[in-house]
Amino acid sequence: MRGIARAVNVPFLAFVLCLGVVVDAVVQNGLGDAMRGVLPVGDSLPALLGFAAVAAVLANLVNNLPAVLVLLPLVVASGPGAVLAVLIGVNIGPNLTYLGSLSNLLWRNVVHRAGLPARFTEFSRVGLVTTPLTLVASVLALWFGLRVFGGG
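Every chain is numbered on its own, with residues counted from 1 as its sequence reads. In keeping with the predicted nature of the model, local features appear solely for residues at pLDDT of at least 70, side-chain atom pairs appear and are counted solely at 80 or more, and the whole-chain, interface and lining totals rest on all residues. Processing note: side-chain calculations cover all non-hydrogen atoms of the structure and skip hydrogens and water entirely.

(A) Representation of the overall build of the protein within the structure. For helices the rule is a DSSP run of H or I covering at least 4 residues; for strands it is a run of E covering at least 2, with both sets numbered from the N terminus onward. Counting its regular elements, the protein contains seven helices and zero strands. Of the regular secondary structure in the protein, the N- to C-terminal order runs α-α-α-α-α-α-α. Referenced to the eigenvectors of the C-alpha coordinate spread, the extents of the protein come out at roughly 45 × 35 × 30 Å. Accessibility here uses a 1.4 Å probe with only protein chains present; expressed as a share of the type maximum, an area under 20% marks a residue as buried, one over 50% as exposed, and anything in between as partly exposed. Burial status across the protein gives 36% buried among its 152 residues. Across the protein, every contact between residues at least 6 apart in sequence was considered, and the portion connecting residues at least 24 apart equals 69%. All accessible areas in this document rest on Shrake-Rupley with a 1.4 Å probe, and a residue is counted as covered only by the protein chains that are shown. When the accessible surface of the protein is totalled, it reaches about 8900 Å², and 72% of it is carbon and sulfur. Counted as positive: Lys and Arg. Counted as negative: Asp and Glu, with His and the chain ends omitted from the count. Every charge is mapped to an atom, namely NZ of Lys, CZ of Arg, CG of Asp or CD of Glu. Each charge sign in the protein was given a centre, from 8 positive and 4 negative side chains, and these centres are 18 Å apart. Should any heavy atoms of two residues lie within 4.5 Å, those residues are considered in contact.

Okay, here's the thing in structure tokens:
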């Protein structure tokens, strides 16, 4: 138990809490309405790709945790396909940048503490190649699964 308590990174936890507070304030003051204007409608393949793409872009701009806090309340009425596409977008899409995901930030912190190289350029190069392909393949699988097994 003491090991777990020592491993807790209080400044990082405070950072995550602050993200939530800031996101709520920004959503209440216009971001929610702006996002409604760019989100697609429906559960067609183009709509699901659109949900995932918007989620991926937003996650890379503000981090995946705030992105999911912004988007899920806006898409829940569109059904399970839209929600799952957003979750795909906020979980795969952030691999384009260090800042896109809390897990990327944690990974970078651990790697640097261990004295290992973690160059931004290499991370970005790999992300630019793998992220779009993985995002599209995942949404295609989601769309196919919704058609075959129901829910869409």
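(B) A look at a nonpolar patch on the surface. Only residues above 30% relative accessible area that lack a salt bridge enter a patch, with like-charged residues linked at up to 9 Å and the nonpolar side chains Val, Leu, Ile, Met, Phe, Trp and Tyr linked at up to 5 Å. Basic side-chain nitrogens of Lys or Arg form a salt bridge, by our definition, when they fall within 4 Å of a carboxyl oxygen of Asp or Glu. The grouping of M1, I4, V8, V10 and L13 at the surface amounts to a nonpolar patch, some 570 Å² of accessible area in total. Tracing the backbone shows I4 in helix α1 (residues 2-7).

(C) Expanded view of helix α2 (residues 10-38). Helix span is expected to be 1.5 Å times the residue number reduced by one. Over its 29 residues, α2 extends only 36 Å from the first C-alpha to the last, a length that falls short of the 42 Å expected when each residue adds 1.5 Å. To obtain the bend at a residue, axes are fitted to the seven residues ending there and to the seven starting there, and the angle between these axes is taken. The sharpest bend along α2 reaches about 70° and sits at Q28. Of the positions making up α2, those classed as buried are F12, L19, V23, G32 and M35.

(D) Region of interest: the packing of aromatic side chains. Pairs were defined over the aromatic rings of Phe, Tyr and Trp, the Trp ring being its six-membered one, requiring ring centres within 6.5 Å. Orientation was assigned from the angle between planes: stacked under 30 degrees, edge-to-face over 60, tilted for the rest. As enumerated under the stated definition, the model contains one aromatic pair in all. When the ring of W107 is compared with that of F123, the centres are 5.6 Å apart and the planes differ by 35°; the resulting orientation is tilted. With W107 in helix α6 (residues 102-113) and F123 in helix α7 (residues 120-149), the pair connects residues that are 16 residues apart, well separated along the chain. Judged by its relative accessible area of 16%, F123 falls in the buried class.

(E) Here's a closer look at the nonpolar core. The biggest cluster of nonpolar side chains holds 29 residues, and the ones touching the most others in it are F51 and L71. Breaking this core down by element, the ones donating at least two residues are α2, α3 (45-62), α4 (64-75), α5 (80-92) and α7. No other element matches the nine residues that α3 contributes to this core. Buried Ala, Val, Leu, Ile, Met, Phe, Trp, Tyr and Cys residues form a nonpolar core when they are joined through side-chain atoms within 4.5 Å.

(F) View of the environment of A55. One can find A55 in helix α3. Classification of A55 by relative accessible area gives buried; the value is 0%. Put simply, A55 and V90 are 35 residues apart on the chain and 5.3 Å apart in space, counted from C-alpha to C-alpha. Excluding residues that lie within four positions of it along the chain, A55 makes contacts with A67, L71, V86, G89 and V90.

(G) Examining α5 more closely. Between the first and last C-alpha of α5 there are 18 Å, a value that for 13 residues agrees with the 18 Å anticipated at 1.5 Å per step. Every buried residue of α5 is listed here: G81, A82, V83, A85, V86, I88, G89, V90 and I92.

(H) Focus on the confidence of the model for the protein. Along the chain, pLDDT gives the predictor's confidence residue by residue, from 0 to 100. When pLDDT is averaged along the protein, the result is 86; 99% of the residues meet or exceed 70. Across the protein, α5 holds the top mean pLDDT of 96, while α1 sits lowest at 72.

(I) View of the pattern of salt bridges. Taken as a whole and assessed by the stated rule, the structure comprises three salt bridges. In this structure, D33 engages R36 in a salt bridge whose closest nitrogen and oxygen atoms are separated by 2.8 Å. You can see D33 and its partner R36 sitting in helix α2, three residues apart, about one turn around the helix. Looking at D33, the relative accessible area reads 58%, which means it is exposed. A salt bridge links D43 to R147, with the shortest nitrogen-to-oxygen separation between them at 3.7 Å. Taken together, the residues D43 in the loop between α2 and α3 and R147 in helix α7 connect sequence positions 104 residues apart.

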